[in-house]
Amino acid sequence: FGAFSPEDEEEESCVDLCPLFEFRLVSHAAPELELDFGSGVRVSVQQDLSSRRVADASAPSCCPTEKSTRTGAVVWDAAVALSALLVAHGSGSWVSMLELGAGCHGLCGVAASLAGACRATVLTDRPPLLEQLRANVTRNLGSNEPDRLPRWDVKPLLWGQQGACAAAAAAVGLGSFDVIVAADCVYDVESAEALALTLADALVPLADPALGSSSVPAAAAGSEALVAFDRALGRDAAYARFLERCVAEGLTMEDIPQAFDSRFRKDSVSIYRLHRR
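Sequence positions are assigned chain by chain, starting from 1 and proceeding in written order. Given that this is a predicted model, residues contribute local features only at a pLDDT of at least 70 and side-chain atom pairs are listed and counted only at 80 or more, while totals for whole chains, interfaces and linings are drawn from all residues. Remark: hydrogens and water are excluded; side-chain values derive from all non-hydrogen atoms of the structure.

**Some words on empty space enclosed by the protein**
The criterion, for reference: A 1.4 Å probe that fits but cannot get out identifies a cavity on a 1 Å grid over protein atoms alone, an open set with protein on both sides within 12 Å along at least five of seven lines counts as a pocket, and a residue lines either if it has an atom within 4 Å of a point. Grid points are joined across faces, edges and corners, and a volume is the space filled by probe spheres set on the points. In this count, Pro and Cys sit with the nonpolar residues alongside Ala, Val, Leu, Ile, Met, Phe, Trp and Tyr, while Asp, Glu, Lys and Arg are called charged and the others, Gly among them, polar.
Throughout the structure, instances matching the rule amount to three cavities of 30 Å³ or more. What the largest cavity holds in volume is close to 310 Å³. What lines the largest cavity is a set of 25 residues, and nearest its centre among them are Thr71, Gly101, Asp125, Trp159 and Tyr187. Of the residues belonging to the lining of the largest cavity, the class tally is 15 nonpolar, five polar and five charged.

Encoded structure:
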């Protein structure tokens, strides 16, 4: 596995959200991606190339990009970087994980599960993406039988709805999640606010705020979120609004260095660790 160069996409018929000639970790033209993160963690996902330009009238008003571009149909670079970070954490980092905006692939949740970083994972997105998401998760983790580890499930979840994360946890017999992950979910100003609200609603406050300054993995006294986005996409207004809204909701943020396999690093990717005070 190596970095993808723009020349490899000369046959792609449509222009995606990435700037031309941008360095990329993965191809948006490949129908299938095989990623070897090391430590025995190999992930294979199918990208839904046919639906990338599907007009989606069901997309909520806070997600204007989704009206014409189904971003979750393919794997984006921040998801690759965050997955590498989760794998680098190793076994036993958390008990339960929620992935927001998992898209059609669920790369972060799948990689973390295969690495043993969590024992139960719920992967979520909007209903139109769930069939392909479930297929990709099953492809890598097998069936989601209750007595089989790692446990996993796929659920619909719309950002900005109070109690949505608690409902997702209750549906699989959990009270809350130890960690919430979201990659490549910040691109519209409107949805950036909704994502921040959902994170604030889902996070369990730290008993001792000083614990929030410790390095990954999470302190046991509260839950945490790991959010990654790629600034190369140029959605600066959305990035700023997301971070501002997180602060307004009482969340603390820590910029996490890319201390993992160099094959999956990208200078323009930012990864934040968030806690609720």
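**So, the side chain of Asp48**
Rules: Per the convention used, a helix needs a DSSP run of H or I reaching at least four residues, while a strand needs a run of E reaching at least two, with both numbered from the N terminus. What qualifies as a polar contact is a pair of N or O atoms within 3.5 Å, subject to a donor-acceptor requirement within protein and to the restriction that residues adjacent in sequence count only when both atoms come from side chains. Contacts are assigned to residue pairs that have any heavy atoms within 4.5 Å of one another.
Mapping Asp48 onto the fold places it in the loop between strand S2 (41-46) and helix H1 (77-89). A distance of 3.2 Å separates the side chain of Asp48 from the side chain of Ser50, its partner in a polar contact. Here Asp48 is in contact with Ala73, Cys104 and Gln132, once residues within four sequence places are set aside.

**Quick look at the packing of helix H5 (residues 189-202) against helix H6 (residues 236-248)**
Keep this limit in mind: Helix axes are fitted only over the stretch in contact, all axes being lines through C-alpha atoms; the angle between N-to-C directions runs from 0 to 180 degrees. We call two directions roughly parallel when the angle between them is under 35 degrees, roughly antiparallel when it is over 145, roughly perpendicular when it lies between 65 and 115, and oblique otherwise. The crossing is said to be left-handed when, going from far helix to near helix, the turn is anticlockwise and less than a right angle, and right-handed when the turn is clockwise.
Where H5 contacts H6, the axes come no closer than 8 Å and their chain directions differ by 25°. Judged by the angle between their axes, H5 and H6 are roughly parallel. Judged by the twist between their axes, the crossing of H5 over H6 is right-handed. Judged by residue contacts, Val189, Ala192, Glu193, Leu195, Ala196, Leu197 and Leu199 of H5 engage Ala237, Ala238, Arg241, Phe242, Arg245 and Cys246 from H6.

**Describing the pattern of salt bridges**
Should their charged atoms come close, side chains of opposite charge can pair. Convention followed: The term salt bridge refers to a side-chain nitrogen of Lys or Arg lying within 4 Å of a carboxyl oxygen of Asp or Glu. The cut-offs for exposure are 20% and 50% of the maximum accessible area for each residue type, with area from a 1.4 Å probe on protein chains only; residues under the lower value are buried, those over the upper are exposed, and the others partly exposed.
One pass over the structure, following the stated rule, counts 15 salt bridges. Across the pair Asp188 and Arg235 runs a salt bridge whose closest N-O atoms are separated by 3.5 Å. Here Asp188, found in the loop between strand S6 (179-183) and H5, pairs with Arg235, found in the loop between strand S7 (224-230) and H6; they are 47 residues apart in sequence, far enough to count as distant. Residue Asp188 is classed as buried on the basis of its relative accessible area, which comes to 6%. One connected set of salt bridges, linked through shared partners, spans Glu193, Arg241, Arg245 and Glu249.

**Here we look at the nonpolar core**
Where we set the bar: We call a set of buried Ala, Val, Leu, Ile, Met, Phe, Trp, Tyr and Cys residues a nonpolar core when their side-chain atoms join them within 4.5 Å.
The biggest cluster of nonpolar side chains holds 46 residues, and the ones touching the most others in it are Phe37, Val80, Leu82, Leu86 and Ile271. Considering every element that reaches this core, the biggest residue donor is H1, with nine residues. Apart from residues no more than four positions distant in its own chain, Val80 is found in contact with Leu25, Val26, Leu35, Phe37, Val75, Leu107 and Phe264. Counting 40 residues, the second largest nonpolar core, distinct from the first, contains Leu100, Cys165, Val227 and Tyr239.

**Let's talk about the pairing of strand S9 (residues 269-276)**
Operational definition: Paired strands, in this sense, are two strands between which DSSP finds at least two bridges.
S9 sits mainly inside the fold: seven of its eight residues count as buried. Strand direction decides the pairing type here: S7 and S9, joined by six bridges, are antiparallel. Following the sheet pairing, Phe229 is matched in S9 by Ser270. In terms of strand pairing, strand S8 (residues 251-255) meets S9 through five bridges, oriented antiparallel. By the bridge assignment for S9, Leu251 is matched with Arg276.

**Brief notes about the sheet that holds S6**
Pairing in this open sheet of seven strands is mixed, and the strands run S5-S4-S3-S6-S7-S9-S8 from one edge to the other. The outermost strands of the open sheet, each flanked by one partner alone, are strand S5 (151-156) and S8. Each neighbouring strand pair of the sheet contributes to a mean axis angle of 20°, computed without reference to strand direction. H6 rests against S7, S8 and S9 of the sheet, and its axis sits at about 130° to S8.

**A few points about the packing of H1 against helix H2 (residues 107-114)**
Running from N to C, H1 and H2 point in directions that differ by 20°, and their axes come no closer than 9 Å. Taken together, the axis directions place H1 and H2 in an arrangement best described as roughly parallel. The chirality of how H1 crosses H2 is right-handed. Every residue of H2 that contacts H1 at Ala79, Val80, Leu82, Ser83, Leu86 and Val87 is listed here: Leu107, Cys108, Ala111 and Ala112. Residues that form the contact of H1 with H2 fall into these classes: nine nonpolar, one polar and no charged.

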